[in-house]
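Geometric and topological summary
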Amino acid sequence: PPPGTMAARRHSLDAGSVVPGLADRSVGKLDEAAVTHASEKVGFIYKFMLALLAYHHAYGPVTIAQEQTQSLEALLKEIEKEEQLAKEAAEQATKEDGITEEAVANLQVEIKSLQEKYEQAVVKKRSLQTDCQNIREKLKAMSSLTAVLKCQREQWTKVVEEHQSHLTVIANCVLAAAILAYCGSLVGERRRALFDSIKYACKDLGAEGHIIEQDEIVDFIMGNNLKYQWTSQLLPRESNFMENTMLATHTLIPQWLLIFDSEGISEHWLKTLHGKSEVVTISYYSAVLKTTLESALSEGKILIVTEADDNLISEDSRFKDLISKSAEFLVKNDPIKIFVSEKEVVGVPGFKLYIVCNKKPTNHILISNTRLLNLTPTLDGFTEFFLQHFLAIEKNRLQEDQKKFGQEVSEYMKSSSESEAEILKCLAESRETLLADTPAIKKLLNMKKHHTEALENLENARNSEANVLKSREVYRPLAVRAAVIYRTSMLMSRINPMYQWSLQQFLPVFESSVKQSDSSQCSRTTITMLLDQLTGTACLTYIKGMFANDKGIFALAVLLEIEDSAGNVSPGEREYLVAPISETTAKSLPRSGGPPSSKRKIFEWMTDEQWQNLQVLAHHCAWFSDVFDRMNKDSAEVKWRQLSECDCPETAPLPDILDQRVTKVQHLMVIRAVRPARFITAALKFASDLIGKKVISDNSIDLGSIVKTMSARTPILLLYRDEPENARFLITDLACKRQQEVISLYVGKSGAMELKQCQMIVDKALQAGQWVHLHAVHNCPDILLSLLVTISGAKVMNSNFRLWLSCEPVDTFPSAVLQSCLKICTDSPRAIEGQSSFMKDGMIRSLSWVTPDVLSACTRGDWVPLLHNLCLIYNLFQLRSRLAPNGWKYSWTAAELWESLRAAVLVFNEDKLTVNDGTSPAPSNPQNRAVSWTALRYLLGEVIYGGQVHDPLDKQVINSMLDHFICPAACKKDYEIPKTKWKLPSSCFQPLRSNQVSQIVSQIENNPPPETFEACLMHSITDAHPSGEKYFFAQLAQIYEIETKEAEAELPVFSSTPIRGSANSATIKSRDRSPLSVKTGKDIDLIETANILLQKLPKGWHKDYVMDRLKKLGGSVPYTYFMTNEMNVMQGILEEIRATLSAIKTSIDQPAINSPTVISVAHDLLYQRVPRHWQNLAGSISPNPTNTLTWIGDIVQRCSHLERALQGRERVPCLWISIFSSPEGLLGTIMHEAVQTFDGAANTFEVFNFQTEITNRDKDHIRESPHEGMFVYGISLYGASWERTINEMQDVSPKSKFTQLPVIHVTAGPSQTDRTHCLYQCPVYSTRAMDDKPLFYLDIFNENVHYSKWALRGLCCCMR
């Protein structure tokens, strides 16, 4: 085409010429093929821009046409003017000269020619005017289209800018592929962590522009419209749940879905997605599984196989071929032949298979051939679920509105998306410029109009939906509370696999709690009442199925989770409650600044543990740092000391008005720091205030109400750990009251035989309405799945039928059974720290064993008090087991209680009662008949309770307590437990009647027996600690996956930056801010401390010096061997201490430490603590770790004593027995010398024992060694004091710690049989923990004081 014309411009554009300003940065030119290859939408925009440019260039000819029209009009005027002048000239010439015919003819020809030109010009003018009008109309239409598409243009431009590079598109596709391929098995934070790691990797590789976020992944893959369609189906709106729905519905990976569903929500979820009519659900253990599978294949339906075992299904011939051909089903639309076992079935397109497992699948073969999806919801997911459920049962209108507006949003969003797609399609199909295509412009305008209307409707629908969602937010606190409690119950399965409850089990509890309260009003008071009702009911349901030592853990976990949901738990606070000084705590807690201003302990009365806990709290928690700095100012010490010494710190006010400024968890942190022994009590007190005191302390079992409320299809699982007979008794007793027939069967380990027998019994009982009790089902738990399928699938069932299961906790118990059963713990109550109702609950439970037959077995007046005392002594034995170290570690069950009642019936039975001589006939008055109390006590102490006790000291205690409580004096009305003023219930002394036990129970509820040391006839001590404290913190740590390892120097507790270094080399670099990194004030303090300790540390002994001294002692005698070993142990300790101190000094000058041990020692020394490494090295002979200087001073004294002992026993007549690493060796020396000097007959055999005598002298008063045995000192007495003036044992005030005994003379000799009742053999242990057997027994003689007094008190001695 000619240059400059419109055709030339179109030709240049069609040839791919570059429009100025539109060149790509990386590519020289931008053509249509390259743009379309990058993105289809970008191609549409490119064409649209070309149309605009064409319009711009097409407007030029219009201007030219207008100019030509004006020129022609001016030319016509000139021609007309010339014609007029010619006419006038002709007329003038004619007048003057005359005109010839030839001139006229020529003139006519010229006029005709001009006329033709004029007519042509007029036609051309009209044509140009028409073209100009058409172009104006097109221009107006294009202007309108440009205006209406301006908003869309901005959106499209944004899309183009976000995806300006191919690498960005690839990165987003990689993220989407990662979510689809790898994130199905992950949940919550772990899924987010994987997504973030891949996202950062893409950015590191150079991806620019918009990288999608995790909450955009569903829209990116499935589209926004589909997401709103799911929400309109009332599926939870939580992001993790939406992702799971996307992972379940997409077919980009052609494999069947393997679902891990521990909550039992998959069936409802899948039916909501696909429609109930299209889904078939069946258990993997169903007898008709094969038939159902064949039917679903041939009909093209969706099959959900529940309760599947991944290991079994991977080898199941019914599924093997189906799993291997999953890609053909999901990709092709043709029928496929499948082998189900050996039968060939034609699978119809539309069939889908979902395999649901209750336990997390571990079979790698099955996982590799399926898509694994972890359906466990997050806390937000549970919240949305419970909120939807609450609206469904209480606010149905609100839920209907939500569904309605959700559907409208989905429809309008779909409509707007379709109209936008049509606009893009129309723009893409425009082959010419839009200026030349008027129909296309009108079509686009019409499409945009519909699109705008759809957007307006969408906005209105979204506003309506937002109002509905805002209305339902009033009830969100209730949903959050339900989610928190249920999630806490899930966490409990980490400490005991039997603690598994499904969501379907929790929903009836949730519904009943809501219906019991008036939820018609949405006031704050109503919501608070609903929260309290739900918390109490739900926690009570769960606690009924937990063992006693786990109830407090659950209560505290509920408290922590509720506080966390309210935003009152900061990072690291849970870890601090579990282990204040641990690596996990140091990593988790934030850092409020540098180390506390006060490093040294400022209060002498405060223990090192308390001070260290407070230091950690002050360093990491900003809310406590100022309080810590003011501890020694403005009389704050008095308040801190009151808190440290008061009896009930959980109710005492905190110093510095902390109560008004801290949360409940922070309050517990202060108690954990100052009163660690009372933390459990405080935690349970706080938890009981939240969930109800009765919920935690309620140990009653009401099987009658459970039978009334539970369906016949719900099995009842009775858990026991120590008392299997409790379950049998409870079921039998209830059946007798209801006159119900019970079929009991003990389940063995025979597998198939057990299943067949149980199946026959259950099938028969289903029709007859009998109760079936399968005892010890933990022996063969696999049979329960088949029984569960039988019960749930039974079409005809008698409403009286009940299936009772009883078992011990086992790890292999099927999750499906646990999630279908109602669980009840039947063990007797245990004494748990912080639970003050143990004796009351224990007595109530124990009195339930007093059946009418036992109550009516005797009519004596002391019979009912005796039965009461038998229950009391059983519970006192349990109570004493918690009072370590003076208690014991035995645990008796209800079997012993039942046997004790039977023994009492046997002894007191009237038909067998005789007078004292046993020959005379029984008197007519039963009150005068004699009974053998001694025989009853013997049965109890030696057979029933003493049968499992082998320690003679513990057996002494048992017999002493039985002597006190099982006697005529203890069965009188005026009897009271010493030092407690508690008397037996008055109902025990009323005439015998059938409701007497219930009256006794009523009085015990109002006035329970005390839970004190004195109730167990013990002496109150300060260092008694609950035996379950370690268990409590260990299980709490397991729930929250907290490592309780103490913080080492690699992670300093107080330094602002942890010491870094590899596992092989802990070299400290100069940039690390550790105690040894730079020479600062810390380094100077550390060098000074090391120098002082090195100066005080003894030099030790040379090996030749030790051997020379030992030779002078007498060669190879036992004492020489003993001293050689002790000297070597102490020398090794001194050398290691000196080596670590020297290494610290060297490392400060040359910062290159190669040993983590040196780092640990340096860290402890810097913060005035005795190095943990030194304490571990010293072992059992380690002094008290008060402070480093005192500890080293004690080591110096011990070395001095060892050196003097090395010079002979004459130089050291009295030995410090607690400094020896092996005191057994010293005692063996005494025994060896006694045997060597024994002058008995050569043919006799004698048993030698240690014989001791407590002198009234101190070690400084001993001048010479004894002729026999040795003098020793350094033994502490717990539970009494030694009065030196009278040389006797005396009582001490309650809660006293210990008494240092004077010098003790230890000898050995033949056993003496003439021991009196006033001689108590007090055990002497190595440490206060009393984990080992006693080293020897200390003879304590008090005239007129029976030995049982000291035995009951738990009197003992310790060397350290």
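Note that the structure is a prediction, hence the values are computed from the model and not measured.

**A few points about the sheet that holds strand E25 (residues 1319-1325)**
- In space, the five strands of this open sheet follow the order E23-E20-E27-E25-E26, with mixed pairing throughout. Strands with a single pairing partner mark the edges of an open sheet, and in this sheet they are strand E23 (1299-1300) and strand E26 (1336-1341).
- Where strand E20 (residues 1276-1278) and E23 come together, two bridges link them in antiparallel fashion. Within E23, the residue paired with Leu1277 across the bridge is Thr1299.
- In the packing of helix H42 (residues 952-965) onto the sheet, contacts are made with E25 and E26, and the angle to E25 comes to roughly 135°.

**Quick notes on H42**
- Given a rise of 1.5 Å per residue, 14 residues ought to cover 20 Å, and the 20 Å separating the end C-alpha atoms of H42 matches this to within 8%.
- Inspection of H42 places Leu953, Asp954, Val957, Ile958, Ser960, Met961, Leu962 and Phe965 among the buried residues, and these make up the whole buried set.
- The inward-facing, buried residues of H42 abut helix H39 (863-880), helix H41 (933-944), strand E14 (976-977), E25, E26 and helix H52 (1347-1353).

**Some words on the nonpolar core**
- In this structure, Trp269, Phe386, Phe624, Trp640, Leu774 and Phe813 are the most contacted members of the largest nonpolar core, which totals 168 residues.
- Sequence-distant contacts of Leu774, that is, excluding residues within four places in its chain, are made with Leu745, Val747, Cys758, Leu787, Leu803, Trp804, Leu805 and Ser806.
- Core analysis: the second largest hydrophobic core is formed by 158 residues, Ile977, Met1018, Leu1086 and Ile1148 among them.

**Some remarks on a nonpolar patch on the surface**
- Together, Leu167, Ile170 and Val174 make up an exposed nonpolar region whose accessible area comes to about 230 Å².
- As for its placement among the helices and strands, Leu167 is situated in helix H6 (residues 166-182).
- Overall, the relative accessible area of 38% leaves Leu167 in the partly exposed class.

**Some thoughts on the pairing of strand E10 (residues 771-775)**
- Where burial is concerned, most of E10 is hidden: five out of the five residues are buried.
- Here E10 shows a buried face lined by Trp771, His773 and His775 and a second buried face lined by Val772 and Leu774.
- Pairing of strand E9 (residues 742-746) with E10, which is carried by five bridges, proceeds in the parallel orientation. When the sheet's bridge partners are listed, Ser744 is paired in E10 with His773.
- The pairing of E10 with strand E11 (residues 802-807) spans five bridges and is classified as parallel. Paired with Trp771 across the two strands is Arg802, which belongs to E11.
- Considered for its hand, the β-α-β crossover made up of E10, helix H35 (residues 783-792) and E11 is right-handed.

**Topic: the pattern of salt bridges**
- Throughout the structure, instances matching the rule amount to 26 salt bridges.
- We note a salt bridge from Glu294 to Lys343, for which the minimum N-O separation is 3.4 Å. Of this pair, Glu294 sits in helix H12 (residues 289-299) while Lys343 sits in strand E5 (residues 343-347), placing them 49 residues apart in sequence.
- The class of Glu294 is buried, set by a relative accessible area of 13%.

**Some points on the packing of helix H26 (residues 608-620) against helix H27 (residues 622-629)**
- Interhelical geometry of H26 versus H27 gives an angle of 125° and a closest axis separation of 6 Å. If you check the angle between H26 and H27, you find them oblique. With respect to the hand of their crossing, H26 and H27 are arranged in left-handed fashion. Contacts from Trp611, Leu614, Gln615, Leu617, Ala618 and His620 of H26 reach H27 at Ala622, Trp623, Phe624, Ser625 and Phe628.
- In terms of residue class, the contact of H26 with H27 is built from eight nonpolar, three polar and no charged.

**Side note on the pairing of strand E1 (residues 257-260)**
- What you see with E1 is no split at all: Leu257 and Ile259 on one side and Leu258 and Phe260 on the other are buried throughout.
- One ladder, built from four bridges, connects E1 with strand E7 (residues 371-374); its direction is parallel. Among the inter-strand pairings, Leu258 is bridged to a residue of E7, identified as Leu372.
- With four bridges connecting them, E1 and strand E6 (residues 352-357) associate as parallel partners. Residue pairing across strands places Leu258 opposite Ile355, the latter belonging to E6.

**Side note on the sheet that holds strand E19 (residues 1270-1273)**
- An order of E17-E19-E24-E18 is seen for the four strands of this open sheet, with the pairing classed as mixed. This sheet does not close on itself; its edge strands, each paired only once, are strand E17 (1214-1216) and strand E18 (1248-1254). Ignoring strand direction, the axes of neighbouring strands in this sheet form an average angle of 40°.
- Most of the contacts of helix H51 (residues 1223-1237) go to E18, to which it runs at about 110°, and overall it touches E17, E18, E19 and strand E24 (1304-1310).

**Details of the confidence of the model for the protein**
- When pLDDT is averaged across the protein, the result is 78; 84% of the residues are at 70 or more.
- Overall, residues 4-28 carries pLDDT values under 50, and its contacts beyond four positions in sequence, including any with other chains, amount to 19 contacts.
- Confidence drops under pLDDT 50 across residues 1046-1079; counting only partners more than four residues distant or on other chains, this segment forms 89 contacts.

**Re a negative patch on the surface**
- A cluster of acidic residues, Glu78, Glu80, Glu82, Glu83 and Glu110, forms a negative patch at the surface.
- At four residues, the largest contribution of residues to the negative patch is made by helix H3 (residues 40-96).
- Tracing the sequence through the fold places Glu83 in helix H3.
- The partly exposed category is assigned to Glu83, whose relative accessible area is 30%.

Reading the values: the criteria
- Residues numbered from 1 in each chain as written.
- Predicted model: local features only at pLDDT ≥ 70, side-chain atom pairs only at ≥ 80, totals over all residues.
- Heavy atoms only, no water.
- Pairing = 2+ DSSP bridges.
- Helix = DSSP H or I, 4+ residues; strand = E, 2+ residues; numbered from the N terminus.
- Contact = heavy atoms within 4.5 Å.
- Axes fitted to C-alpha atoms, helices over the stretch in contact; angles between N-to-C directions.
- Expected span 1.5 Å × (residues − 1).
- Buried < 20%, exposed > 50% of the residue type's maximum accessible area, 1.4 Å probe, protein only.
- Core = buried A, V, L, I, M, F, W, Y, C linked by side-chain atoms within 4.5 Å.
- Patch = residues over 30% accessible without salt bridge, like charges linked within 9 Å, V, L, I, M, F, W, Y side chains within 5 Å.
- Areas by Shrake-Rupley, 256 points an atom, 1.4 Å probe, with all protein chains shown as cover.
- Salt bridge = Lys/Arg side-chain N within 4 Å of Asp/Glu carboxyl O.
- Right-handed = clockwise from strand over helix to strand, strands pointing away.
- Parallel < 35°, antiparallel > 145°, perpendicular 65-115°, else oblique.
- Left-handed = near helix turned anticlockwise from the far one by under 90°.
- Nonpolar A, V, L, I, M, F, W, Y, C, P; charged D, E, K, R; others polar.
- pLDDT = per-residue confidence, 0-100.
- Lys, Arg positive; Asp, Glu negative; His and termini not counted.
- Charge placed at Lys NZ, Arg CZ, Asp CG, Glu CD.

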